[in-house]
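For reference, the chains in residue letters:
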Amino acid sequence: MAAGSAGALARAALDGGGAADKIRLIPQDFFAELCEQIIQHLNHKIPGVNTAELCRRIQTSGIDINIGDLAKVANTLSFLFSTAARNNLSTEELIATLGSGISTLPKHALQVIRHVWNEQGKAIAVSEDARNTATVGQFVDMKWKLGVAMSSDTCRSLKYPYVTVTLTVADPSGQITDKSFEMTIPQFKNFFRQFKEMASVLETV
């Protein structure tokens, strides 16, 4: 794909999705952190971009942005960087492309993108094999806690113990999300037994 075609795709992503308008809301330091996380994800150094945590910090600083908008910005930037890498765009070509769209980016965003692309852009791994295998989520972390139910609409005997499990996963686009669920003690024992079975199988590999 020629640089011009790559530039058209990048501009369409920014203009059509409204990402440029959302980027204007994000302070430079948070935008730089977001870009760094995206580059690290594309280089397979981290499993994904923690937009939920970053969004919370941005909101705490007084900026009115929701996680859906921040995720849209992250997906657009990820597409932008991967498209630029696949087409070997130079820093000047990339910046020229971003400065010529219908919704041009603010100066602070262009400065961050220029710096990040100069420093790490050329290292992005864009092999077809890597892209083709990134079709399932990736495990990041798991937390659990034991609780006791104090009220229930369906359970006759209250004060029964249960286990809450929170799985942190990165989806194929790199967005990190938490998935929580509860299990009764028998369900948890079965869950644990299956993990032991997996561990024993792995020992034979």
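For the structure, check the block above.
So, here's what we can say about the structure. Every value quoted in this text rests on a predicted model; they were computed, and no experiment measured them.

Here the focus is unusual backbone geometry. Located in the positive-phi region is His44, a residue other than glycine, with phi close to 60 degrees. Note that His44 resides in the loop between helix 3 (28-42) and helix 4 (51-60). Overall, the relative accessible area of 52% leaves His44 in the exposed class. Backbone geometry places Asn88, a non-glycine residue, at a positive phi of 50 degrees.

Before going further, it helps to spend a moment on the nonpolar core. Most often, soluble globular proteins have nonpolar side chains that are buried together. Among the nonpolar cores identified, the biggest contains 35 residues, and Phe31, Leu34, Leu77, Phe81 and Ile113 are the most heavily contacted of them. Among the elements of the structure, helix 2 (19-23), helix 3, helix 4, helix 5 (67-86), helix 6 (91-98) and helix 7 (107-120) are those that each provide at least two residues to this core. Each residue touching Leu77, except ones within four places of it in the same chain, is listed here: Ile23, Phe31, Leu34, Cys35, Ile38 and Ile113.

Tallied over the entire structure, the rule returns seven salt bridges. Notably, a salt bridge pairs Glu92 with Arg114, separated by 2.7 Å at the nearest N-O pair. Placement of the pair is Glu92 in helix 6 and Arg114 in helix 7, with a sequence separation of 22 residues. Assessed through its relative accessible area of 32%, Arg114 is described here as partly exposed.

Cut-offs applied
- Residues numbered from 1 in each chain as written.
- Predicted model: local features only at pLDDT ≥ 70, side-chain atom pairs only at ≥ 80, totals over all residues.
- Heavy atoms only, no water.
- Helix = DSSP H or I, 4+ residues; strand = E, 2+ residues; numbered from the N terminus.
- Buried < 20%, exposed > 50% of the residue type's maximum accessible area, 1.4 Å probe, protein only.
- Core = buried A, V, L, I, M, F, W, Y, C linked by side-chain atoms within 4.5 Å.
- Contact = heavy atoms within 4.5 Å.
- Salt bridge = Lys/Arg side-chain N within 4 Å of Asp/Glu carboxyl O.

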